Amino acid sequence: MDKYGLIGHPLGHSMSPMIHEKLFQLSGISDYSYELIDIAPEDLQNNFDMLRELKGFNITIPHKMSIISMTDKLSESALRYNSVNCISNKNGVITGYNTDCDGFLRSAELLPLGGKVLLLGCGGVGRMIAIEAALHGAELTIAVIPQDIQTAQLVMAEILAKCAGASVKICLINEISGNFDLLVNATPVGMYPKTEVCAVSDEVIGNCLSFFDVIYNPTETLLMKKARALGRTAVGGAAMLVYQAVKAHEYWYGGEFTAEDISPIITAVENEVNKMNSL
């Protein structure tokens with residue numbers, strides 16, 4: 001039996017087992033296990049011999065950087081972001097990948113990532129999205145709250161170092177002006193249970209043509225509701241969550257999936273989220 005899992009701490013309710021079960025089923029694989037493995041930060045090193053027995057595993061907070069020292073190889077994306085959320089073990093060689101970027105790019109592939117992009121927030125996933133937008137040639141505006149200005153400046157410097165000639169500017173969220181092809185919300189504003197708040201004003205929303213919200217709970221944030229009410233395209237975070245898992249299966253055993261395969265899984269995740277919130 002091939003063993004897989006998700007490591008993190010603390011691990012509460014996770015969509016990962018359901019998503020990966022469906023992906024294994026699509027691939028016709030039945031002889032496997034996928035477990036949630038709660039490991040405190042101070043115990044990670046002592047548990048790595050156990051983790052080496054797995055054929056592959058996913059990594060969430062707080063291990064995405066500390067796991068790097070335990071890998072044998074790193075993919076280009078893992079090196080780019082200094083962050084690993086997926087490990088593949090092939091013949092004892094431990095390779096670290098960053099599939100968060102793949103999840104974002106696949107779920108946002110129909111959005112104008114190379115146009116005028118307004119990014120709300122730049123920590124964690126926001127930093128990754130900022131770099132990907134710049135690599136796609138975006139005219140990028142990073143909007144943050146005052147206490148995050150220094151973080152935004154560091155991200156801006158990182159972008160300019162990785163992508164010479166990139167167009168990047170920083171502003172405060174309450175001082176956003178102009179029109180944008182794409183607004184990306186990489187802040188937790190609007191996340192369950194505080195679902196009746198929106199990161200930007202109606203005026204800003206009206207000046208944007210399409211939207212991506214990294215939040216997957218709720219499945220439709222207030223930002224997305226307001227955007228769709230204006231007839232705009234708005235994509236939520238459930239697709240990103242599923243597609244980063246899809247990429248893991250491609251690395252683990254060469255899994256192949258079509259968009260038609262994945263769409264029902266995204267719907268299943270959204271239905272599960274809505275069911276949890278109704279309890």
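This report concerns the structure included in the present document. All values reported here derive from a predicted model rather than from experimental measurement.

1. A closer look at the overall build of the protein chain
Thinking step 1. Helix and strand counts for the protein chain stand at 10 helices and 12 strands.
Thinking step 2. Against the 2.2 N^0.38 benchmark of 19 Å for 279 residues, the protein chain shows a C-alpha radius of gyration of 19 Å, consistent with a compact globule.
Thinking step 3. By the burial criterion, 51% of the 279 residues in the protein chain qualify as buried.
Thinking step 4. Taking all contacts inside the protein chain whose residues are at least 6 apart in sequence as the whole, residues at least 24 apart take part in 67%.
Thinking step 5. Counting only carbon and sulfur atoms, one obtains 51% of the accessible surface of the protein chain, whose full area is about 13,000 Å².
Thinking step 6. Separation between the mean location of the 20 positive side-chain charges and that of the 31 negative ones in the protein chain comes to 3 Å.

2. Describing the sheet that holds strand 4 (residues 73-74)
Thinking step 1. Strand order in the open sheet made by the 6 strands is 2-1-3-5-6-4, with mixed pairing throughout. Among the strands making up the open sheet, the edge pair consists of strand 2 (32-38) and strand 4.
Thinking step 2. As defined by bridge partners, strand 4 adjoins strand 6 (residues 93-97) across 2 bridges and the pair is classed as parallel. Considered in strand 6, the bridge of K73 is made with T95.
Thinking step 3. The strands that helix 1 (residues 16-26) touches are strand 1 (2-8), strand 2 and strand 3 (56-59); relative to strand 2, the one it contacts most, it runs at about 165°.
Thinking step 4. Against the sheet, helix 9 (residues 237-253) touches strand 1, strand 2, strand 3, strand 5 (86-90) and strand 6, its axis set at about 15° to strand 5.

3. A few points about the packing of aromatic side chains
Thinking step 1. Taken as a whole, this structure holds 7 aromatic pairs when the rule is applied.
Thinking step 2. Note that K116 overlies the ring of F180, its terminal NZ or CZ placed 5.8 Å from the centroid.

4. With respect to helix 9
Thinking step 1. Given a rise of 1.5 Å per residue, 17 residues ought to cover 24 Å, and the 25 Å separating the end C-alpha atoms of helix 9 matches this to within 8%.
Thinking step 2. Helix 9 sits mainly inside the fold: 15 of its 17 residues count as buried.

5. As for unusual backbone geometry
Thinking step 1. Cis rather than trans, the peptide bond between Y192 and P193 has omega equal to 10°.
Thinking step 2. Here P193 shows up in the loop between strand 10 (182-185) and helix 7 (202-206).
Thinking step 3. Cis geometry is found at the peptide bond from N217 to P218, where omega equals 10°.
Thinking step 4. Inspection of the secondary structure assignment puts P218 in the loop between strand 11 (210-213) and helix 8 (222-229).

6. So, the state of the cysteines
Thinking step 1. Taken as a whole, this structure holds 0 disulfides when the rule is applied.
Thinking step 2. The closest cysteine sulfur to the non-disulfide-bonded C86 is located on C101, 11 Å from its own sulfur.
Thinking step 3. Of the cysteine sulfurs around C122, a residue in no disulfide, the closest is that of C171, at 11 Å.

7. Quick word on the layout of surface pockets
If a probe the size of a water molecule is rolled over the atoms, the empty space left behind becomes visible.
Thinking step 1. Considered as a void within the structure, the largest pocket measures approximately 1,400 Å³ in volume.
Thinking step 2. Where the lining of the largest pocket is concerned, the elements lending two or more residues are strand 3, helix 5 (125-135) and helix 9.
Thinking step 3. Take the lining of the largest pocket: its biggest share by element is 4 residues, from helix 9.
Thinking step 4. In this structure, the second largest pocket spans a volume of roughly 180 Å³.
Thinking step 5. Taken together, R106, S107, A108, E109, L110, L111, T233, V235, Y243, A259, S263 and I266 make up the full set of residues lining the second largest pocket.
Thinking step 6. Breaking the lining of the second largest pocket down by element, the ones donating at least two residues are helix 4 (100-107), strand 12 (233-235) and helix 10 (259-278).
Thinking step 7. Top contributing element to the lining of the second largest pocket by residue count: helix 10, with 3 residues.
Thinking step 8. Taken together, the residues that form the lining of the second largest pocket break down as 7 nonpolar, 3 polar and 2 charged.

8. Brief notes about the pattern of salt bridges
Thinking step 1. Per the counting criterion, the structure on display carries 12 salt bridges.
Thinking step 2. A salt bridge links K55 to D2, with the nearest nitrogen and oxygen atoms 3.6 Å apart. One end of the pair, K55, is in the loop between helix 2 (48-51) and strand 3; the other, D2, is in strand 1, with 53 residues separating them in the sequence.
Thinking step 3. Residue K55 is classed as partly exposed on the basis of its relative accessible area of 27%.
Thinking step 4. D2 sits in the partly exposed class, given a relative accessible area of 34%.
Thinking step 5. For the salt bridge of E76 with R80, the shortest nitrogen-to-oxygen distance reads 3.4 Å. Placement of both E76 and R80 in helix 3 (residues 76-81) is noted, with a separation of 4 residues, approximately one turn of the helix.
Thinking step 6. Owing to a relative accessible area of 61%, E76 belongs among the exposed residues under this scheme.
Thinking step 7. Three or more residues are tied together by salt bridges with common partners; here these are E76, R80 and E132.

Definitions and cut-offs
- Within each chain, residue numbers correspond to sequence positions counted from 1 in written order.
- Local features are withheld for residues below a pLDDT of 70 in this predicted model, meaning they are given only at 70 or higher, and side-chain atom pairs are given and counted only at 80 or more; totals for whole chains, interfaces and linings count all residues.
- Hydrogens are left out, water is left out, and the side-chain values use all remaining heavy atoms of the structure.
- Secondary structure follows DSSP: runs of H or I at least 4 residues long count as helices, runs of E at least 2 residues long count as strands, and numbering of each begins at the N terminus.
- Every radius of gyration here is taken over C-alpha atoms, with the globule rule written as 2.2 Å times N^0.38, N being the number of residues.
- Summary of the burial criterion: residues with accessible area below 20% of their type's maximum are buried, those above 50% are exposed, and those between are partly exposed, where the area comes from a 1.4 Å probe applied to protein chains only.
- Any two residues whose heavy atoms approach within 4.5 Å are treated as being in contact.
- Where accessible areas are quoted, they stem from the Shrake-Rupley method and a 1.4 Å probe; at the residue level, only the protein chains shown are allowed to cover.
- The convention is simple: Lys and Arg are positive, Asp and Glu are negative, and His and the chain ends are not counted.
- Lys charges are placed at NZ, Arg charges at CZ, Asp charges at CG and Glu charges at CD.
- For two strands to be treated as a pair, DSSP must find at least two bridges joining them.
- Lines fitted to C-alpha atoms define the axes, with helix axes restricted to the stretch in contact, and inter-axis angles between N-to-C directions lie between 0 and 180 degrees.
- Pairing of aromatic rings covers Phe, Tyr and Trp, the last through its six-membered ring, and needs centres within 6.5 Å; plane angles under 30 degrees mean stacked, over 60 mean edge-to-face, and all others mean tilted.
- The rule for a charge over a ring is simple: NZ of Lys or CZ of Arg within 6 Å of the ring centre, and within 35 degrees of the ring normal.
- Multiplying one less than the number of residues by 1.5 Å gives the expected span of a helix.
- The definition used for a disulfide is geometric: two cysteine sulfur atoms within 2.5 Å.
- The pocket and cavity definitions rest on a 1 Å grid over protein atoms only: a 1.4 Å probe that fits but cannot leave marks a cavity, an open set with protein on both sides within 12 Å along at least five of seven lines marks a pocket, and residues lining either have an atom within 4 Å of a point.
- Grid points are joined across faces, edges and corners, and a volume is the space filled by probe spheres set on the points.
- Note on residue categories: nonpolar means Ala, Val, Leu, Ile, Met, Phe, Trp, Tyr, Cys or Pro, charged means Asp, Glu, Lys or Arg, and polar means any other residue, Gly included.
- Salt bridges, as used here, are contacts in which a Lys or Arg side-chain nitrogen is within 4 Å of a carboxyl oxygen on Asp or Glu.

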